[in-house]
Amino acid sequence: MEINNDWYKRYKNQMQTKLNQNKSQFPIDISERVDNDSMPKRIRWILWAVVVIWLIYMICIWSFYFFKIKKTDINSESKTTQTTHTLITSSAEMIPLQKISNVGYTFYLGQIDYPSAAAITDQTKNDITQIIYDAKFSKNLSQNIAIIITNTLAASTNQYFDSPFGKVKMVQLPPVFLQGGGAYSQHIGNLSFIFINKNQLNSSRLNDILTHELGHYIGSLLTAADWEQYYNLRQIPTGTPLYTSNWMLSPGEDFADVYKNVFTKEKVQTYYGLLIKTNDNFPENECGKIYDKLMKNYIAKKYSNTDSWNIPILSVKEADTNITSNKELQDCRRKVLLDSEKYSEDWRFVVPYYSSVSQATKTFVINTINKLNL
Ligand SMILES: [Zn+2]
């Protein structure tokens, strides 16, 4: 290859001079090196550039997926119930959340149903707002609630919610949801998800179901000291985990149901607190012997220091109140409630006992919500 440019000649001379100065023992023909080696060197540079660009590209891709996986894991771990670590796939169906603002209250609303299903009506939006208001939720607290009206036939774990705090994967609803009608799940940040069975929307149970689930949200905000106080008020044995395999003996469920009772007056379904006979006219079979023994002792004690000329009038109500809180009697009643087959005689007409909520417990619930509303 012939090169006639002046700059090249000057460059060649300079290089030759440098080489001579270095006293190289081997004569080197600069023109040969420049002309013949220039092509492979250029190709090497191009190859290096390609490799470096490819490496940068791979690092970017890897970082993107790593960040995505970490983020989804955090979302899953923040759930208190039904945690799932499965990633949201690209084929997953997005369930939008609608921000509802109604008479000063704001909450999120979503719907899981067939594509052809009708949209949530204004009546439902008003009903839900009324229940949130009746449950004494402040305007600040209601913003942390996402209510999902769910048709279980259209629900799948391949769905996710696009929440203001990120994507949240749909949980697997258990079969008890069909009958119970509600489920609570704290997913991300302060945003809690409440699932309401579509079948219950227009039923008289909507108020009870939703208020119970709102109670779970309040329960999730209680401190250890609050729980200790609550366990004492409801005579829950110390050390009982918040959620056990038995719904009726789970303190977390008990709190949600007591919360419901305070604001809807509906009976508590769990088995803590003072267990009272559902109907005084029905005989108490299994625990009747204990009750009679206690009543006999009470009367004997009451009249032991009384002379026969001054017999006090026995108040049955007062006697009953004194006897009912007896631990032996309460344990017996709980035992009967837990086994309807074994104690079928007690269960013949009606659920034999119900859990009453003391005034002190009601005050605790009211004080708790007032504290959180500040
Ligand atoms: Zn519950």
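Before reading further, recall that the structure is shown in the block above.
These numbers come from a predicted model, not from an experiment.

Student: Give me the lowdown on the overall build of the protein, citing residues and values where you can.
Tutor: The helix and strand inventory of the protein stands at twelve helices and ten strands. For the protein, long-range pairs separated by at least 24 residues make up 68% of all intrachain contacts whose partners lie at least 6 apart in sequence.

Student: Can you break down helix 9 (residues 288–303) residue by residue, with the values?
Tutor: The terminal C-alpha atoms of helix 9, which comprises 16 residues, lie 22 Å apart, in line with the 22 Å expected from a rise of 1.5 Å per residue. Counting buried positions along helix 9 gives zero out of 16 residues, so the element sits mostly on the surface.

Student: Give a description of the nonpolar core that names residues and reports values.
Tutor: One finds Ala146, Ile147, Ile148 and Ile194 to be the most contacted residues of the largest nonpolar core, which totals 44 residues. Among the elements that make up this core, the one with the highest residue count is helix 8 (residues 251–264) (six residues). Filtering out sequence-adjacent residues up to four positions away, Ile194 remains in contact with Ile145, Ile147, Ile148, Gly182, Tyr184 and Glu213. Residues Leu249, Cys287, Val336 and Leu337 belong to the second largest nonpolar core, which totals ten residues.

Student: How would you explain the environment of His216 if you had to name every residue and give the values?
Tutor: Looking at the secondary structure, you find His216 in helix 6 (residues 206–219). Using a count of 23 C-beta atoms within 10 Å as the deciding quantity, one classes His216 as buried. Considered as a pair, His216 and Ala256 are 40 residues apart in the sequence and their alpha carbons are 5.1 Å apart. His216 has contacts with Tyr184 and Ala256, leaving out every residue within four places of it along the chain.

Student: Talk me through the sheet that holds strand 7 (residues 182–188); I want residue IDs and the actual numbers.
Tutor: The strand order across the open sheet formed by five strands is 2-3-4-8-7, and the pairing between neighbours is mixed. Unpaired on one side and paired on the other, strand 2 (98–102) and strand 7 mark the two borders of the sheet. Between one strand axis and the next, the sheet turns by 30° as a mean value, whatever way the strands run. Two strands pair when backbone bridges link them, and strand 3 (residues 105–112) and strand 4 (residues 145–150) are joined in this way by five bridges, in the parallel orientation. Considered in strand 4, the bridge of Gly110 is made with Ile148. The strands that helix 3 (residues 122–134) touches are strand 2, strand 3 and strand 4; relative to strand 3, the one it contacts most, it runs at about 130°.

Student: Mind laying out the pairing of strand 2, listing which residues take part and the relevant values?
Tutor: Sheet topology places strand 2 next to strand 3; five bridges connect them, and they run antiparallel. In the strand pairing of strand 3, Gln98 is matched with Leu109. The hairpin formed by strand 2 and strand 3 contains two residues between the paired strands, and Val103 there has a positive phi angle of roughly 40°.

Student: Outline the packing of helix 7 (residues 224–233) against helix 12 (residues 359–372), supporting the account with residue identities and numerical values.
Tutor: Between helix 7 and helix 12, the shortest axis-to-axis distance is 10 Å and the interhelical angle comes to 160°. Relative to helix 12, the element helix 7 is oriented roughly antiparallel. The handedness of the crossing between helix 7 and helix 12 comes out as left-handed. Taken together, the residues of helix 12 that come into contact with helix 7 (itself represented by Asp226, Gln229, Tyr230 and Leu233) are Ala360, Thr361, Phe364 and Thr368. Each residue belonging to the contact of helix 7 with helix 12 can be placed in one class, and the counts come to four nonpolar, three polar and one charged.

Procedures and definitions
All residue numbers here refer to positions counted from 1 along the written sequence of the relevant chain. It should be noted that, the model being predicted, local features are given only for residues of pLDDT at least 70 and side-chain atom pairs only at 80 or more, the latter also being counted only at that level, while totals for whole chains, interfaces and linings use all residues. To qualify as a helix, a DSSP run of H or I must reach at least 4 residues; to qualify as a strand, a run of E must reach at least 2; elements of each kind are numbered from the N terminus. Distance between backbone-placed C-beta atoms decides contact: two residues are in contact if it is within 7 Å. Expected helix span is computed as 1.5 Å times (number of residues minus one). Three classes are used. A residue is buried when 20 or more other C-beta atoms lie within 10 Å of its own, exposed when 12 or fewer do, and partly exposed in between, with C-beta atoms placed from the backbone. A set of buried residues drawn from Ala, Val, Leu, Ile, Met, Phe, Trp, Tyr and Cys, joined through C-beta atoms within 7 Å, is what defines a nonpolar core. Strands pair, by our definition, only if DSSP identifies at least two bridges between them. A fitted line through C-alpha atoms represents every axis, and for helices the fit uses only the stretch in contact; the resulting angles, taken between N-to-C directions, go from 0 to 180 degrees. Note that the term roughly parallel is reserved for angles under 35 degrees, roughly antiparallel for angles over 145, roughly perpendicular for angles of 65 to 115, and oblique for everything else. If you view the pair so one helix is near and one far, a crossing is left-handed when the near helix is turned anticlockwise from the far one by less than a right angle, and right-handed when it is turned clockwise. Each residue gets one label: Ala, Val, Leu, Ile, Met, Phe, Trp, Tyr, Cys and Pro are nonpolar, Asp, Glu, Lys and Arg are charged, and the others, such as Gly, are polar.

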